[in-house]
Every structure is written in C-alpha cells, then in structure tokens.
Amino acid sequence: MIQTILATVSEGFGNAFGRSRIETSLWERVVFYGAIALTLFVSLLPFYWMVVTSFMPESAIYSLPPSFVPQELTLKHYQSVFSPETFPFVTYFKNSLIISVITAGMSVVVATFGAYSFARLNYPGRGLFSRGVLLVYMFSGILLVVPLFKIIVWMGLVDNLGSLVVTYLVQTLPVSLYMLGNYFRSVPPEIEEAAMMDGYSRLEVIFRITLPLSAPAIVAVFIYTYMIAWNEYLFASIFLRTQSTFTLPIGLDALSSGFHQVWGQIMAASLLTSIPIIVMFVYLEKYMVEGLTFGSVEG
C-alpha cells in the first residue's frame, strides 16, 4: 500500500515539474535571449576577470590599457597563495570547511524537526512560534552584533570556531524552518496517515516517508546554510582574533590589507575560495531549484 502511494506521488511530482512548450513571437524571443545574454555578461565578466588576473604576471595586471586576453600565463600567484609564509590558505580553508559543514548539518537537523512540528503537529503556541521565527529574520545582522557578542563572551567562545557555528545557526534557522515548513505542507498528509495506519510510528513516518519525499528541500537548506557560513565576513571579523582561527573571508581581507599591489594573489585565493561553492551548485542545482520552488506551487 505504501509503495503504491509513493509511486503515485512521485509520478504526480514529475508531472508537476514537466516542461511544456509555450509559443512566442520572434520579437519576444529576441528580447528574451537578449536579456539572458546581458545578464550572463554582467554576471560572468567579473568572474572571468578574476580567473584571468589570477594567471597574469604582475606587469600585465597593472598595464594600461588593461588586456582582457592575457599574452602570458603564470602560476606564481598560486604558489604564493599556498606558501604558509605569505598566505596560510590551507588553514583558512580547513576552518571555513569545518564551520560550514557543521553549521549546515545542524541547521538541517534542527530545521527538519522544527518545521515538521509547524507543518503537522498541533500544540499551544504553534502559530506564535512559527511567526516569531520569521520575525527574527527581519532584523539586520548588524543589529545583532552586540547582543550576540555578549552571548559569545558569556559562553567563552571568543576566538573560537564554535562562536561562528552558534551565530550562523541563529542566522540561518528562520529561513530553513520556513523553506522546510512549506515543503512539508506540500506533502499530502494522507501518505503519513496511511503509513501510521499500517503501524508506523511518527518517527518512522518522518524518516521513511517525509524525509525521502522532501530531499530537494533538505538539499536546498543545506546548500543555503553552507553558502552563508562559507562567505560570511561580519561576525567572523568580530569574533575571531588569531590567524589560526581565521576563515577564508577574513584571510582574504588580511591579504589585501597586509601587502601592497597583490591583486594576482587575491584573485587566485578568491578563485580557490569559490570552487567548492561552484562544484556543489553544479552537482546539486536541480535539487536546490526544486526545493526552493515546489513549496510555492499550489493545487
């Protein structure tokens, strides 16, 4: 019975996301593709310049007029980035990776159970809690610096990677709860009711039925939280003090302010910093798009 229901729901999801052909005029297609081309140009030109600059010799970087197609390539900037005396990239990368993975994992776990309670369970104050979570997200990060810093000092986590895990978890949980809550509401409750009639407990229903059906939303929440933790600068610059605890954004800032005219090294380090996000997005993009959009589809 459960297998039949799951097959039916999966087929319905596939039909909901199926592509359909829309007839348009030649002028509409020209405008559409022109807008796409302009968007791609504006979006990709900075990235292209970052890649090119990271391989240019110093003399070519500062030449006027600038050359958009390098005549000579060098790996000198990457060698400098991986030199511990110049830029301890491996240490910064490790710190950012630890913080991002732990924060994303904890956010998924906490948001899964919290969002499920908002979507399926009835208890006093549920509506107040769910709306209060979104209210917290409306506050700008700069307004939370002082209270969060006092909390971190009270916890004894200043200059500790744990301070950023706590901070990023607080920052990302509201949106994570909102995204997963919407997705859980889109899963037909009849599936869970049928499973419970077959003898499944509430936890078994969550782990065997709800979570597999909600995989796109869970992946979207993980990527969203990971990206926030990976790229965040404000709180890291306040809570971290020693170089051994710096994350990549703080390390890049130290590199740009500690030396003169090192744009080649800065671009090389920036490119290396962006690679994990690019790889993750390329492989998980379909899940992220599906998870971000499915909860908004009605009927």
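Below, the structure is looked at part by part. Computed from a predicted model, the values in this text were never measured in an experiment.

**Concerning the nonpolar core**
Reasoning step 1: Within the largest apolar cluster, 38 residues are counted, with the highest numbers of intra-cluster contacts made by V81, F87, I99, L164, Y168 and F235.
Reasoning step 2: Broken down by element, the residue count for this core peaks at eight residues, all from helix α14 (residues 263-294).
Reasoning step 3: Y116, F118, F184 and L213 belong to the second-largest nonpolar core, a separate cluster that totals 28 residues.

**Description of the packing of helix α5 (residues 89-120) against helix α8 (residues 161-186)**
Two quantities define a packed helix pair, namely the angle between the helix axes and the distance between the axes.
Reasoning step 1: Interhelical geometry of α5 versus α8 gives an angle of 35° and a closest axis separation of 6 Å. Between α5 and α8 lies a crossing of right-handed hand.
Reasoning step 2: Here the residues of the contact of α5 with α8 sort into 19 nonpolar, eight polar and two charged.

**Concerning unusual backbone geometry**
Glycine aside, negative phi is the norm for most residues, and most peptide bonds take the trans geometry.
Reasoning step 1: The phi angle at D159 is positive, at roughly 60°, despite the residue not being glycine.
Reasoning step 2: Mapped onto the elements of the fold, D159 is located in the loop between α7 (145-155) and α8.

**Description of the pattern of salt bridges**
Reasoning step 1: The final tally for this structure, using the stated rule, is two salt bridges.
Reasoning step 2: Note that E192 is salt-bridged to R202, the shortest N-O span being 3.8 Å. On the criterion of sequence distance, the pair formed by E192 in helix α9 (residues 189-197) and R202 in helix α10 (residues 202-213) is long-range, its members being ten residues apart.
Reasoning step 3: Overall, E192 belongs to the buried group, its relative accessible area being 3%.
Reasoning step 4: What you see here is one network of salt bridges that share partners, running through R120, E192 and R202.

**Let's talk about the side chain of S54**
Reasoning step 1: Topologically, S54 is positioned in helix α2 (residues 26-55).
Reasoning step 2: In terms of polar contacts, S54 uses its side chain to reach the side chain of Y78, at 2.7 Å.
Reasoning step 3: The residues contacting S54, other than those within four sequence positions of it, are T74, H77, Y78, G264, M267, A268 and L271.

**Quick look at the packing of helix α6 (residues 126-137) against α8**
Reasoning step 1: Packing of α6 against α8 leaves a shortest axis separation of 8 Å and a crossing angle of 135°. Relative to α8, the element α6 is oriented oblique. The crossing of α6 and α8 is left-handed. On α8, the residues that touch V133, L134 and Y137 of α6 are Q171, P174, V175, L177 and Y178.

About the criteria used
- Residues numbered from 1 in each chain as written.
- Predicted model: local features only at pLDDT ≥ 70, side-chain atom pairs only at ≥ 80, totals over all residues.
- Heavy atoms only, no water.
- Core = buried A, V, L, I, M, F, W, Y, C linked by side-chain atoms within 4.5 Å.
- Buried < 20%, exposed > 50% of the residue type's maximum accessible area, 1.4 Å probe, protein only.
- Helix = DSSP H or I, 4+ residues; strand = E, 2+ residues; numbered from the N terminus.
- Axes fitted to C-alpha atoms, helices over the stretch in contact; angles between N-to-C directions.
- Left-handed = near helix turned anticlockwise from the far one by under 90°.
- Nonpolar A, V, L, I, M, F, W, Y, C, P; charged D, E, K, R; others polar.
- Salt bridge = Lys/Arg side-chain N within 4 Å of Asp/Glu carboxyl O.
- Polar contact = N/O pair within 3.5 Å; in protein donor to acceptor, adjacent residues only side chain to side chain.
- Contact = heavy atoms within 4.5 Å.
- Parallel < 35°, antiparallel > 145°, perpendicular 65-115°, else oblique.

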